[in-house]
Amino acid sequence: MTMIYFHDRPESSAHIPLGGKAAALAFLAQHHLPIPAWFVVAPAAFEQSLSDDQRRSLSAGEIATVFSDLRLNPSIQAELQPALKQLCPAEGTVAVRSSALDEDGMQHSFAGQLDSFLFVKPENVPEQVVAVWKSGFGDRLLAYRQEHQLSPLPSAPAVLIQTMIDAKVAGVAFSANPVTGQRGIAVISAVYGLGTALVSGEADADTYQVNRQGEILERQIAEKAIAHRYAPDQPDALETVIIPPVQAKQPALTDDQVRAIAHLVRRVEQACGRPQDIEWAIDAAGRLFLLQARPITTLAQVSDPDGVLNLWDNSNIAESYGGITTALTFSFARRAYEEVYREFCRMMGVPAGAIAQHDHTFRCMLGLVRGRIYYNLLNWYRVLALLPGFTVNRQFMEQMMGVKEELPPDVLAQLQSASWRDRLQDSVRLLRTILGLIKNNLTLPRQIQHFQQRLDLALSLPQSELEAMRPDELAAYYRDLERQLLTRWDAPLVNDFFAMIFYGVLRKLTVNWCGDTDGTLQNDLISGEGGMISAEPAQRVRELAAIATSHPDWADLLRQGALPQILQTLPDYPDFQQRYQSYLEKFGDRCLEELKLESITLHDNPLLLLRSIGNLATASSPLSPHAVPLTPPPLRQQAETKVQQALHDKPFRRRIFNWVLHNARQRVRDRENLRFERTRLFGRVRRIFVEIGKRFHALDVIHAPQDIFDLEVEEVLGFIDGTTTCTDLKGLVAVRQAEFSHYRELPAPGDRFATHGIVHQGHTFQNPVAQETLDQDWRQGTGCCPGIVRAPVQVITDPQQAQLQQGSILVAERTDPGWIMLFPAAAGLLVERGSLLSHSAIVSREMGIPAIVSIAGITNWLQDGDWVEMNGSTGLVRRIPVQTATVMTPTDAEQAIAKVETHGQ
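All values derive from a computational prediction rather than experimental measurement.

Chemist: Is there a simple way to explain the overall build of the chain in this structure?
Modeler: Secondary structure assignment for the chain yields 33 helices and 25 strands. When the 905 residues of the chain are sorted by exposure, 55% land in the buried category. Counting only contacts in the chain whose residues sit at least 6 apart along the sequence, the fraction spanning at least 24 positions is 70%. Of the roughly 40400 Å² of accessible surface on the chain, 52% is carried by carbon and sulfur atoms.

Below, the structure written as structure tokens:
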């Protein structure tokens, strides 16, 4: 069998392993690239050249013994001679290089680990072939393989023998920038003479950056003081020559040559299907040659900074979807956000053509990063930019969502850019939108009433009927809910928009007209409105605790007993039972993480509710001695008095202010109430998919009913109606469970970060901006409900298992409506995430609990039992020694407020 493979004879390579380098050249030769003529000596030639003793030594790892007297097999030498004559017909020289089987691959390049020999005369090729084999078993290569966890004993490399190019200029080129990751920028390095001066680091190189259009974007001309030239009288046939100073400072390449090399490396990338690193040379005649090509192995972990920018932020959505979220929940939520905001734009008078043009924007308002839901923030801005008055609305939206950082100026300029034609059309739309806003504001109460009637009708199907439905009936019922509600979520959307506008305007007016330097007066003005359903669970918990207080044994059982025992004893207390069942009927779906379809509701496990009642009932006193709210109770009255004093001689401003205040109060109240209606819908969707999960499990389609949450909505429905592309749901669930389990082991992504290009490639998902260094004894957040409280804190990470001590300050990363059962025992509330219009902020104001949200790192800064002083007006939290935690009088409180506000400034 032949041991030689010629570059121009593909049929001779059928059974010869060429190795990485030669295989790459063989592949590229088929694309007619300018490669110097070459052939390869197969690895099997090494085996044929070994004696029996050398084979035994090799098996024993005695490598030095093998190569002490290794010679090329005579039959291979006989085959080699005519091949060399064909390659060097005019007494030329060749390069002898390694081509190991795993060399120049995507995972490992082995760069510099095996020997190469240049300007080798034909008669010296056999001994250099043996030298290449020897380098394939050298100490540095064995160490490299061990470091990269490869097999300890390598195979002998193939040996590439190629016509030697006596280069006038040479270097390397990358089809993508290996440092920045820019896939559209080719990087070229060039030196005088042979490329060995560049590879060895002896010579500085000129560097060029060329874009896809052939423009040279950047050139760095180095002083190339030396060059490697061919020297036949030297042992390695190379010598270092000094470049004249004037020439050293000149570019080694012309612009045309730079563009030609960039074009060459891109042709190589196109042929190979991935970014490439090549070696090239230009001879004295000006001919450009491709000497070698290999993949750029570092790019897999580098994103392309020129790719599409996405900003990800979880400022407010973490309240609804904290932590890892299942595939079912994300697919449902993504679809819901898409449809409801399309509908919102239609209602606001945005032309159908503009909505259609932003189809991708609506479909990508949410993203899933390492199993966690994020706002795709730029798409939210793009949707808002469809509405007139973007500049003002943007600030209000940021306030509502709790977004802390400004958009980059270039991104903001792009969103606001418009031609004169666009501005003219926007003006026409503005008039139409204003008319629509006036109409919607006048008719909103009636819209809310009709929406609630439609929701009640859609959810009127009893739970018992769901339990009897076939899978196809359940799927049809879900589709019907989509049609009736998800695409007609009109009243809540309009109300949210008005809540955002009126609350934002109210905040500006309190600052500009009423001198509210803290920017918190609007919170006091909208507190205590009443009629807010989110405060009702806490009131009902207090009522149930009051009943349990008169039955100490029952209260103790609620606090410590097992659920079966509690439910068995429940009929013994009929008054409690009646109120308890009434609570579940209305608020049974208002659970922890209630918008996650996989969440366990109070219908499934009411133990958290029962524990909260028991803890409140068995508390020794309503508040611990030192946890006394220091703000007098009539906050709303005091705030209204302050406004009257500021506007008493400005009747026109007073009328405007009162109109804005009236609307802000109504819209914020209705916003919270309508979020409860969303809870009802999500609870029904949850039940539909729980029932489908049971059917699938009964049919052995999935291993367990709860596996349904690891499938996307369309995968579940597609399996039923025949449109899914994967019917192996067990396999699909297993893959997804393994992936999401891995997410739980990885660091959580940051609260805000940017990605470029492919989102799930080459990103750390962390905010590179250094966090502000904060004083060790205080933290600044956003005040939501006034009041100064000194009390010990209790950091709650799992409210399902938590027992909040009465009078403690509740500290949490985030809260959702399911936490409301813990609120009655809290003297104050400190939340790491959230905004002025988040659930915790609104409910705390309604219940009169001093609260601060958006406090960076609060859950890591504080530990259970730490004493703090919190000011719900200024948003300042101070850690204090226990011995200073004494009861304050109202006079002391006023002095403390002044001191804390001064500290905050």
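Chemist: Honestly, the packing of aromatic side chains in this entry has me stumped. Any pointers?
Modeler: Two aromatic rings, taken as a pair, are described by how far apart their centres are and by the angle between their planes. Scanning the model with the defined rule gives 29 aromatic pairs in all. Between Tyr375 and Trp380 the ring centres are 4.9 Å apart and the planes differ by 75°, which places this aromatic pair in the edge-to-face class. Taken together, a centroid distance of 5.4 Å and an interplanar angle of 55° make the contact between Phe587 and Phe676 tilted. Pair noted here: Phe587 is in helix 25 (residues 574-587) and Phe676 is in helix 28 (residues 651-698), with a separation of 89 residues, a long-range link. Considered together, Phe587 and Phe676 belong to a single accessibility category, that of buried residues.

Chemist: Is there a simple way to think about empty space enclosed by the protein in this case?
Modeler: By rolling a water-sized probe across the atoms, one finds the places where empty space is left. Within the structure shown, the criterion is met by five cavities of 30 Å³ or more. Roughly 680 Å³ of internal volume is contained in the largest cavity. Contributing to the lining of the largest cavity are 34 residues, with Tyr337, Tyr341, Leu493, Asp496 and Arg678 lying nearest its centre. When residues of the lining of the largest cavity are traced back to their parent elements, those giving at least two are helix 11 (327-347), helix 14 (377-385), helix 15 (390-401), helix 20 (490-512) and helix 28. Residues that form the lining of the largest cavity fall into these classes: 27 nonpolar, two polar and five charged. Here the second largest cavity defines a volume of roughly 60 Å³. Forming the boundary of the second largest cavity are Ser612, Asn615, Leu616, Gln803, Leu804, Met821, Leu822, Pro824 and Ala825.

Chemist: So what exactly am I meant to see when it comes to the pattern of salt bridges here?
Modeler: The final tally for this structure, using the stated rule, is 51 salt bridges. Between Asp256 and Arg259 there is a salt bridge, and its shortest N-O distance comes to 3.3 Å. Highlighted residues: Asp256 and Arg259, both in helix 10 (residues 255-272), separated by three residues, approximately one helical turn. You can call Arg259 partly exposed: its relative accessible area is 34%. The shortest N-O distance in the salt bridge between Arg346 and Glu343 comes to 3.1 Å. Taken together, the positions of Arg346 and Glu343, both in helix 11 and three residues apart, correspond to about one turn of that helix. What makes Glu343 buried here is its relative accessible area of 17%. It is possible to trace a salt-bridge network through shared partners that takes in Arg335, Glu339, Arg479, Glu482, Glu714 and Asp721.

Chemist: Would you explain the environment of Arg665 in this entry?
Modeler: One can find Arg665 in helix 28. C-alpha separation for the pair Arg665 and Ala499, spaced 166 residues apart in sequence, amounts to 8.4 Å. Not counting the four nearest positions on each side in its chain, Arg665 is found in contact with Leu525, Ile526, Glu529, Arg636 and Glu640.

Chemist: I'm lost on unusual backbone geometry in this one. Help?
Modeler: Excluding glycine, residues mostly have negative phi values, and the peptide bonds linking residues are mostly trans. For His32, which is not glycine, the phi torsion reads 60° and is therefore positive. Positionally, His32 belongs in the loop between helix 1 (19-29) and strand 2 (38-41). Backbone geometry at Arg370 places phi at a positive 50°, although glycine is not the residue there. Within the secondary structure, Arg370 is located in the loop between strand 15 (366-369) and strand 16 (372-376).

Chemist: How should I be thinking about helix 1 in this particular structure?
Modeler: Structural remark: α-helix, 3.6 residues per turn; residues separated by three or four positions point the same way. In terms of burial, helix 1 is largely enclosed, as eight of its 11 residues are buried. Here helix 1 has its buried residues at Gly19, Gly20, Lys21, Ala22, Ala24, Leu25, Ala26 and Leu28. Against the buried residues of helix 1 lie strand 1 (4-6), strand 2, strand 3 (94-99), strand 5 (158-163), helix 10 and strand 13 (288-295).

Chemist: Explanation requested: the sheet that holds strand 23 (residues 851-853) in the structure shown.
Modeler: Working definition: the strands of a sheet are paired by backbone hydrogen bonds and lie parallel or antiparallel to each other. On the basis of which strands lie adjacent, the open sheet formed by eight strands has the order 18-25-24-20-21-22-23-19 and mixed pairing. Edge strands, defined here as strands with exactly one partner in the open sheet, are strand 18 (778-780) and strand 19 (782-785). Taking the axes of each pair of neighbouring strands and ignoring which way they run, one obtains an average angle of 30° across the sheet. The strands touched by helix 31 (residues 839-847) within the sheet are strand 19, strand 22 (826-831) and strand 23, with strand 19 carrying the most contacts at an inclination of about 40°.

Chemist: I keep staring at the confidence of the model for the chain and nothing clicks. Help me out?
Modeler: Should pLDDT be low for a region, the predicted coordinates there are not to be read in detail. Scored by pLDDT, the chain comes out at a mean of 84, with 85% of its residues at no less than 70. Contacts for the low-pLDDT stretch residues 886-905, under 50 throughout, to residues beyond four places or in other chains number 26 contacts.

Chemist: I would appreciate a short explanation of the packing of helix 23 (residues 552-560) against helix 26 (residues 607-618) in the present structure.
Modeler: Two packed helices can be described by the angle between their axes and the distance between those axes. Closest axis-to-axis distance for the helix 23/helix 26 pair is 7 Å, and the angle between their directions is 135°. Between helix 23 and helix 26, the crossing angle belongs to the class labelled oblique. Note on packing geometry: the crossing formed by helix 23 with helix 26 is left-handed. Where helix 23 abuts helix 26, its residues Ala555, Asp556, Leu557, Leu558, Arg559 and Gln560 lie against Leu610, Arg611, Ile613, Gly614, Asn615, Ala617 and Thr618. Of the residues belonging to the contact of helix 23 with helix 26, the class tally is six nonpolar, four polar and three charged.

Chemist: I tried to follow the packing of helix 22 (residues 536-549) against helix 25 on my own but got confused; where do I start?
Modeler: Close contact between helix 22 and helix 25 brings their axes to 10 Å; oriented N to C, the two are set at 165°. When the interaxial angle is binned, helix 22 and helix 25 end up roughly antiparallel. Taken as a pair, helix 22 and helix 25 cross one another with a handedness that is left-handed. Packed against helix 22, whose contacting residues are Glu536, Pro537, Arg540, Val541, Glu543, Leu544, Ile547 and Ala548, the element helix 25 presents Asp575, Phe576, Arg579, Tyr580, Ser582, Tyr583, Lys586 and Phe587 at the interface. In terms of residue class, the contact of helix 22 with helix 25 is made up of nine nonpolar, one polar and six charged.

Calculation rules
Residues numbered from 1 in each chain as written. Predicted model: local features only at pLDDT ≥ 70, side-chain atom pairs only at ≥ 80, totals over all residues. Heavy atoms only, no water. Helix = DSSP H or I, 4+ residues; strand = E, 2+ residues; numbered from the N terminus. Buried < 20%, exposed > 50% of the residue type's maximum accessible area, 1.4 Å probe, protein only. Contact = heavy atoms within 4.5 Å. Areas by Shrake-Rupley, 256 points an atom, 1.4 Å probe, with all protein chains shown as cover. Phe/Tyr/Trp six-rings, centres within 6.5 Å; stacked < 30°, edge-to-face > 60°. 1 Å grid on protein atoms, 1.4 Å probe; cavity = no way out; pocket = protein on both sides within 12 Å on 5 of 7 lines; lining within 4 Å. Points joined across faces, edges and corners; volume = space filled by probe spheres on them. Nonpolar A, V, L, I, M, F, W, Y, C, P; charged D, E, K, R; others polar. Salt bridge = Lys/Arg side-chain N within 4 Å of Asp/Glu carboxyl O. Pairing = 2+ DSSP bridges. Axes fitted to C-alpha atoms, helices over the stretch in contact; angles between N-to-C directions. pLDDT = per-residue confidence, 0-100. Parallel < 35°, antiparallel > 145°, perpendicular 65-115°, else oblique. Left-handed = near helix turned anticlockwise from the far one by under 90°.

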